[in-house]
Structures are given as structure tokens and as C-alpha cells.
Amino acid sequence: MRATSFPHSALLDLRLVPAALVTWAVTLVGLLGGWVPATVLACSSAVLLVVAWSVRGRAWRNGLLAVLIIAGVAGAGIAVRAHAVSTHPLRVAAQQGERVTLRATLAEPPRPLQGASYGARRAQDRSLAHVRLSSVDTGEGRTRVGGRALLLVPTAQWRTLIAGQEMTVTGRAVPPRGGELLAAAVQVNRPPAQVLPPPGWQRVAEDLREGLRSTSRGVLGPAAAGLLPGLVVGDTGRLPPEIVEQFDTAGLTHLMAVSGANLAIVCGAVLLVLRLAGAGPVLSSVGAALAMAGFVVLAGPEPSVLRAAVMGAITLFALAMGRERSAMPILSASVIGLLLLAPGLATTVGFALSVAATAGLVVLAPVWAGAMHARGVPVGIAESLAVPAAAHLVTAPLVAAISGEVSLVAVAANLLAGPLVAPATVLGVAATVLAPISAPLATALVWLAGPELEWVLAVARHAAAVPGASFGWPSGVLGGALLTVLSVIALIVLRGRIARLVLVSLVLIAVVVVIPIRHQVAPWPVPGWALVACDVGQGDGLVLATGRDREAVVIDTGPDPVLMAECLRRLRIRSVPLVLLTHLHADHVSGLPAVLSGRRVGSVAVGPLNEPAWAAREVRATARAHGARVLPLHAGQRLRWPELVLDVLGPRGELARTRSADDANDASLVVKATTPAGRVLLTGDVELPGQAELLSAGVDLRAEVLKVPHHGSRYTTPALLTAVRPQLAVISVGAGNDYGHPSPLIMDALMRMGVRIQRTDESGDIAIVAEGEGREVVERGDPVRPDEN
């Protein structure tokens, strides 16, 4: 039975695997510990090599010698590189925080920062750019040096630059984070000078990429138009944030990154066409190699793409040519070669995922497919089941270590989406190449890719909506190691027929019984909820039920579109008649695209302040793009729905007429919501001047629930708390924030008043439900961790 279950296990050639693992470990030591530990390892390897050489007649001697030689070479190589970086003139300047002038070449296009934005600045206003150095001027003269550096640059002034352009940059140098062979990070606040044009092939590649983006926008819907460039060249910049969140939950994120799979698909299509045309093995191999080189140029010769080229070549060789026995030696040799040439890959998540996925595809997938076929499963079905299962199993520990989640739907989602990814990718690549030659033909190819893209999007959407689609898991090295151990134990145990039957039974029990019971015992959304404070990190995002099915009013949208989209997805909101933005700081408006995308939307309400100017422009542009009108609100207005009334209380007086960005917090819209769970005072980020104006105006501020102003900052007067007299205080705040929110002073004041306090950083999403004459609070749990915020 075991021989049938694992028919190829005896054929695996694992001789180079120890050398690859040792190379990786030694490289990590050098990257994380510096050149001294790496030197010690190199010297230790040399000493052990001499000792091992003197041992005679041992079967394992040659293998040990090979491992020690590779360990010594890797240790010496990373020690030399790490020492060069530690003594680099730019590193010396960075340790003093000096201003420097660099002459450098962009290694890749600047990439806008992703994630949460705060205050008057957006994360996307700044971009990261890796550069290759030519010279450094620290004020004491220009020095010609090599090496690499990371630039933090203004997005608007750098967005048109592409890889290969040489330029002069001035900024302040700071030490880089550990684990990278970078001389320094440089904070740049101005556009580059003396910019040279890029190499011709880089310009052509960028024009081809832009052709794909523009053709997609003209033919496909917003989601599909953002997905196609992601499948083809890893460009996800125009993908709606809620789609990103759905792909993440469904375990499909890998589809939107350039990987060995992309190259295998493209080269496999070329091989198929050439073989059908009667080309021989040599011509077919040359054609596939040219296709791979062209794809590398198209996607950009960045480390991730070059890594994908190597992994794609391995996948093609092992799977398309049926060389399972050669797969592991080639994979191991590639890992060794890549780490010796580019040791910085050792700490990148993409490299680890690529290696793991490739190993799973060439080792486990053929074994499992063969075992299923031996039991009567047709070959095509067996392979379609084995490939996603193997890829998910070997990458799950890494994904869990990074995200703190394990997806229960990833295998099924990949099984359903996988068959359509290949044709969509091939059509997208063909359209990219043909766009400069024949726009109508490129448009037709993109149109043909549309149904495949919509299917993949539908799979992601429905998979992410499955109750219990993912569950929490310890993140970091410990969580990844724990899941790895459990996976290995499962693989060993499942070699027995009884164990497999037990596992199938447990899975069925979990799907049919446990998950439904879990969602009935602790259902989310909570039946009858009136208000939910979404855990959006360090920002505000509140949802008020209107009394209509799957409809709600949204008050502020948080700093991170993905977190806001996730909260609304959990609440199953499909219609939003009003999005009310209390003020235009990024931690209150950056999630607006996620709220508007894929839902029926009425209006976007704003207050009197149109600052920051970028936020005002983006809010209006986003509203127009989704067919929503912008509704100015002022004190005294009332808005009604069946089970919700909103009364706008402020700003009033001078603050209602201000046009200064300095007054943004105090110009916050202050709204009292009347709900089945009682009155809720929603205060935005109003601070002392705005609170004083409300109090002096004699406005009735009494409410059973208070959304504490400005994430619980200390700038809240006790007089406001006394005027509101809340029974429950909700604080929307991010875990581990740098602002000291919520203030101990405010917490003490609320506790002295006997107010019950709920915080999103401790409870996750917080739902308030009407309970007789009072209200019940239900915590969803699973708050956003500091590294996610």
C-alpha cells in the first residue's frame, strides 16, 4: 500500500538538499548577524573540512565535504559583502544622519507605500526605490563606490521614472533595517536632478506594460482591468482594495505576483505552439528560452522576476519534461547559485514561497497525482487536485507565519481558479505584445480574457465569503514552525489507509458541524446590531444599520482600505446610502474606495473644511468614479432612515467657516445618531476648541453611547464627558500606536464616571445591539495586530 501511495518517493534525489539548506542558513547568519559571525562560520567550515578530509572509508564523507565546501564559500562570500556594507561611506554617513548626494541608477520603478495613512499625509505620497550607487558625496568630496541603497521619495515627483534611469539625488541618510545588504536608506524630499533617459529596452518594456493597462481599462470592468496586469506582470496598482482582501482570504494572492508559474505558463504555451507546428526539440527549446527572456524584460529584470525565471525553468523541466528525479537536484543547485550571487534573497518572503511552491509542485504533486491515478482517478483530474493541494501544503506555514491566518478554502479556490489563470495569462501576454502593432487585435484578446478573469474574481469573492474561510494562527517563526511540524506529522501519518479515513471524517465533521455551530454560537454579524465600530487600526470606521436588509450608513472609512473592506464584507453590507466623512485626514478617508467599490452608493457627505487639498480632490474624484454625489453637511441638518436618524450638531460658528488645514480636527462633523440601541454621539477628532464651541452653543449632547474623540487623545475636556453622560464609551484606536492613545487621563475620567469602555485595539470589531431598554455589546475579537496596522 505504501509503495502505491508514494510511487516515486524512492526516486527522489536529495543529495543536494543539505547543501542548499546550509547555504541558506549561513547566508541568513551573515545578513542578520553581520560579517563577524559569517567569518566565524567560514573559518569553522574550513577547519571541519580538514578534519573530514582526514577521515577515510566513510560512505558519508564525500557528501559532508561538499556541504562544508559550500558552507565555507557561502560564509566567506556573505562576510565579504557584509563587511563592505558596514564600512561603506554611505553607511558611515547614515550612522551620523548626514545629508548626502548620490549618483545612482534605479534598479526598479519607484513603488508607492501601501497600508494605513494618517493625519494630513497618505502612505501613498511616499514611494520606495532601490538604486545602484555610482558615487557618494558626503560633503567632503565625491567618492566613486558601488553598492545599493533604498530611497524614500515623494511619489508625485518620481512616479514617471522607470528602471535603468541614472540620476543625482540629495537627501538625509539613515541606517537601513537589518537583513538587507543595503548601504543606507535615504530620505529624499525633492525630485531627482540630472536624470538620464533609460536604456531603450527598458523604455520599450514600460510602453508595453502601459499598453496592457490602457487596453484593459478600455475593455474590462475595474476589477478585471486591475487583475489582468497583475496576472501578466505582477502590476496590482489598480486593483480595488476589496479584491486584494478577497484574494488574501481565499489563498489566491500568489496569482497576482510574478512567479515561476507565470513563466511556466508562457513558456509552456510557446512550446505547445512550436510542437504543433512541427518544430523539433532544439527549435522548441530555443523558442521557449526566447519567450522566457522576453517575459523577464517585459516584467522587469528585478530580483523577484529573475528568481521567478529560475523557478519557472525548473517547473517546466520537471513537470513538462517529466524529469521528477532531476527536479530536486536542479532546485537545490538553483537555490545555492541564487544565494551565492544574490544573498539578499535569503530574507525575502517571495524567495521562500517560490522555493517551497516549486518543491511542492515537483516532489509532492506528481506523487499524489500518481497515487490518485492508481486508484482509478483520471490523470487530468488527479493532477488538477494534486497541484493546488501540494502548493498549499508547502506554502501554508510561510503564509501563516506572515499573516497569522490559515485559509481553509485555499485548495478549493485554487482548484476552481487555476484552470482559468493560464488562458487569461497567455491572452494577456499576447495582447501586451500585439498592442503596439494592432490595437484592435490586442483589444479582442483582452476581451477574450474577460470571462476567465471574471470567473477568477467570482471564485475569490465567494471563497472569501464562506463562513470560517480562514482562522487565526500564531504568526512569526513559532507559528510557521508549528504548522510545519504538524504538516510533516500529517504526511507521515496519512500513509496509512485508516489515518486517511479518519482525516476525511474529521474534515467532514469540521465543515458540516463545527464551523456552522461556531457561527451560530458566536454569529457575526450579530443579529439586530445597530452600530459596529470596525477595527481599522489607528483610525475611525463606524457602521450604522438603517433598518433595511444589508444596508448601512458609514461614518469615516479608516486609514487602510483593506481593513475597511474586510469589516463591511463581514457585515454583508451591499448598499450604503451615505458615507459621512467627519473630516479629511487620511486615517478617516483613505478607506473610501473600499466602501464604494462593489456596493450601491448614494452620497458622500463632507464638512465645511476642504483641507488637506489632496484629500478633498481624491474624495470628489472617488465619489464621481462610483456614481456618488458629494453632499456638504452643516449644523442643524437631519437625515432619516427607517431605524436611524442623524442630527448634525457641529461644527458651528467660526469653525464652520474655517479654511485652514490646521483646524481640521476641530472642524470635524459632530453627529448624534438615534438608533434602536439608544443615542450615539459621533465626534470625529474634535478637540478642545471644537468641544468648547459645542458646549457654549448649548447643544444637547446627551447620549447613551459616546464615540470618544480623536482615538481617546488627552485633548478631551471633562466638561464634554459630563455633558454627554454616556453609559458606554467606544474608542476606535490602533494597537501599539505611537501617539499614546488612548490617554490614561481620559481612561481614568471615564472610569470614575462609571462608564463602560470598549476599545477596538483590545476587542476587534465592536457591535452594539438593542437589548430591551438598554444595549448589549458584542466583541468580535481578533483585533488588528501592530504589524498589520
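Look above for the structure.
Residues numbered from 1 in each chain as written. Predicted model: local features only at pLDDT ≥ 70, side-chain atom pairs only at ≥ 80, totals over all residues. Heavy atoms only, no water.

Along the backbone of the chain there are 27 helices and 24 strands. Carbon and sulfur atoms make up 63% of the accessible area of the chain, which amounts to about 34,800 Å² in all. (Helix = DSSP H or I, 4+ residues; strand = E, 2+ residues; numbered from the N terminus. Areas by Shrake-Rupley, 256 points an atom, 1.4 Å probe, with all protein chains shown as cover.)

The next thing to look at is helix 20 (residues 561–571). Burial within helix 20 is extensive, with eight of its 11 residues counted as buried. For helix 20, every residue scored as buried is listed here: Pro561, Leu563, Met564, Ala565, Cys567, Leu568, Arg570 and Leu571. One or two steps after helix 20, the chain reaches arginine 572, where phi turns positive at roughly 60°. (Buried < 20%, exposed > 50% of the residue type's maximum accessible area, 1.4 Å probe, protein only.)

So, about the nonpolar core. The biggest cluster of nonpolar side chains holds 51 residues, and the ones touching the most others in it are Leu227, Phe247, Leu252 and Leu453. Sort the elements by how many residues they give to this core and helix 17 (residues 439–465) lands first, with 10 residues. Leucine 227 has contacts with Leu239, Phe247, Met256, Leu453, Val456 and Leu457, leaving out every residue within four places of it along the chain. Counting 36 residues, the second-largest nonpolar core is a separate cluster that includes Trp524, Ala552, Val601 and Ala623. (Core = buried A, V, L, I, M, F, W, Y, C linked by side-chain atoms within 4.5 Å. Contact = heavy atoms within 4.5 Å.)

Take unusual backbone geometry next. Residue proline 612 follows glutamate 611 across a cis peptide bond; omega there is -5°. Assignment of secondary structure puts proline 612 in the loop between strand 14 (600–606) and helix 23 (613–625). A cis amide bond links histidine 741 to the next residue, proline 742, at an omega of -5°. Of note, arginine 572 is a non-glycine position whose phi angle comes to about 60°, a positive value. Residue position: arginine 572 is located in the loop between helix 20 and strand 13 (575–580).

A cluster of nonpolar side chains, namely Leu482, Val485, Leu486 and Ile489, defines an oily patch on the protein surface of about 330 Å² accessible area. As for its position among the elements, leucine 482 is in helix 18 (residues 476–493). (Patch = residues over 30% accessible without salt bridge, like charges linked within 9 Å, V, L, I, M, F, W, Y side chains within 5 Å. Salt bridge = Lys/Arg side-chain N within 4 Å of Asp/Glu carboxyl O.)

This part takes up the pattern of salt bridges. What the rule picks out here adds up to 18 salt bridges. Across the pair glutamate 108 and arginine 111 runs a salt bridge, and its minimum N-O distance is 3.7 Å. Note that lysine 707 is salt-bridged to aspartate 540, the shortest N-O span being 2.7 Å. With lysine 707 in strand 20 (residues 705–707) and aspartate 540 in the loop between strand 10 (529–533) and strand 11 (542–545), the pair connects residues that are 167 residues apart, well separated along the chain.

An α-helical turn contains 3.6 residues, so any two residues separated by three or four positions project in the same direction. Counted at 1.5 Å a residue, the expected span for helix 7 (residues 200–219) with its 20 residues is 28 Å, and the 29 Å between its end C-alpha atoms agrees. Along helix 7, the residues classified as buried are Gln202, Ala205, Glu206, Leu208, Arg209, Gly211, Leu212, Arg213, Thr215 and Ser216. (Expected span 1.5 Å × (residues − 1).)

Burial runs high along strand 1 (residues 99–106): six of the eight residues are buried. With seven bridges joining them, strand 1 and strand 6 (residues 166–174) adopt antiparallel strand pairing. Within strand 6, the residue paired with arginine 99 across the bridge is arginine 172. Across six bridges, the pairing between strand 1 and strand 3 (residues 126–137) is antiparallel. Within the sheet, the bridge partner assigned to alanine 104 lies in strand 3 and is leucine 133. (Pairing = 2+ DSSP bridges.)

With that out of the way, let us pick up the sheet that holds strand 20. In space, the seven strands of this open sheet follow the order 16-17-18-19-20-21-22, with mixed pairing throughout. The sheet is open, and its two edges are formed by strand 16 (638–641) and strand 22 (756–759), each paired on a single side. The mean angle between the axes of side-by-side strands here comes to 20°, regardless of whether they run parallel or antiparallel. Here strand 21 (residues 728–731) runs beside strand 22; their pairing, made up of four bridges, is parallel. By the bridge assignment for strand 22, leucine 728 is matched with arginine 756. Contacts from helix 26 (residues 744–752) reach strand 21 and strand 22 within the one sheet, and its direction differs from that of strand 22 by about 145°. (Axes fitted to C-alpha atoms, helices over the stretch in contact; angles between N-to-C directions.)

It is the contact of helix 16 (residues 410–434) with helix 17, at a shortest axis distance of 8 Å, that shows an interaxial angle of 155°. Considered as vectors, helix 16 and helix 17 are oriented roughly antiparallel to each other. Handedness of the helix 16/helix 17 crossing: left-handed. Residue-level inspection shows Ala413, Leu416, Ala417, Leu420, Val421, Pro423, Ala424, Leu427, Ala430, Ala431 and Leu434 of helix 16 in contact with helix 17, the latter providing Leu441, Ala442, Leu445, Val446, Leu448, Ala449, Glu452, Leu453, Trp455, Val456, Val459 and Ala463. (Parallel < 35°, antiparallel > 145°, perpendicular 65-115°, else oblique. Left-handed = near helix turned anticlockwise from the far one by under 90°.)

Right, let's get into the environment of histidine 392. Among the structural elements, histidine 392 can be located in helix 15 (residues 379–403). Separated by 15 residues in sequence, histidine 392 and serine 407 have C-alpha atoms that sit 9.3 Å apart. Beyond its immediate stretch of four places on either side in the chain, histidine 392 contacts Ser407, Ala410 and Val411.

Evaluated as defined, the whole model comprises one disulfide. The disulfide partner of cysteine 534 is cysteine 567, and the gap between their sulfur atoms is 2.0 Å. The chirality of the disulfide connecting cysteine 534 with cysteine 567 is left-handed, given an S-S dihedral of about -70°. Of the two residues, cysteine 534 sits in the loop between strand 10 and strand 11 while cysteine 567 sits in helix 20, which places them 33 residues apart along the sequence. Cysteine 567 shares its class with cysteine 534; the two are buried. (Disulfide = S-S within 2.5 Å.)

Moving on to the side chain of aspartate 556. With respect to the helices and strands, aspartate 556 occurs in the loop between strand 12 (552–555) and helix 20. Among buried Asp, Glu, Lys and Arg side chains, aspartate 556 stands out as unpaired, with lysine 707 the closest opposite charge at 6.1 Å. Among the polar contacts listed, one links the side chain of aspartate 556 to the side chain of threonine 582, at a separation of 2.8 Å. Polar side-chain contacts of aspartate 556 include one of 2.9 Å to the side chain of histidine 588. (Lys, Arg positive; Asp, Glu negative; His and termini not counted. Polar contact = N/O pair within 3.5 Å; in protein donor to acceptor, adjacent residues only side chain to side chain.)

Our next topic: the packing of helix 7 against helix 8 (residues 222–233). Across the interface, helix 7 lies against helix 8 with an axial gap of 8 Å and an inter-helix angle of 150°. Judged on the interaxial angle alone, helix 8 and helix 7 are roughly antiparallel. As for the relative orientation of helix 7 and helix 8, their crossing is right-handed in sense. Residues Arg209, Leu212, Arg213, Ser216 and Arg217 of helix 7 form the contact with helix 8, whose participating residues are Ala225, Leu228, Pro229, Val232 and Val233. For the contact of helix 7 with helix 8, the per-class residue count stands at six nonpolar, one polar and three charged. (Nonpolar A, V, L, I, M, F, W, Y, C, P; charged D, E, K, R; others polar.)

In this section: the pairing of strand 17 (residues 644–650). Every other side chain in a regular strand lies on the same face of the sheet, so the side chains alternate between the two faces. Within strand 17, seven of the seven residues are buried, which leaves the element mostly enclosed by the surrounding structure. In this structure, strand 16 lies alongside strand 17, joined through four bridges in antiparallel fashion. Following the sheet pairing, arginine 640 is matched in strand 17 by valine 645. Linkage of strand 16 to strand 17, two consecutive antiparallel strands, is achieved through a turn of two residues. In this sheet, strand 18 (residues 670–675) lies alongside strand 17 in antiparallel orientation, the contact comprising five bridges. By the bridge assignment for strand 18, aspartate 647 is matched with lysine 672.

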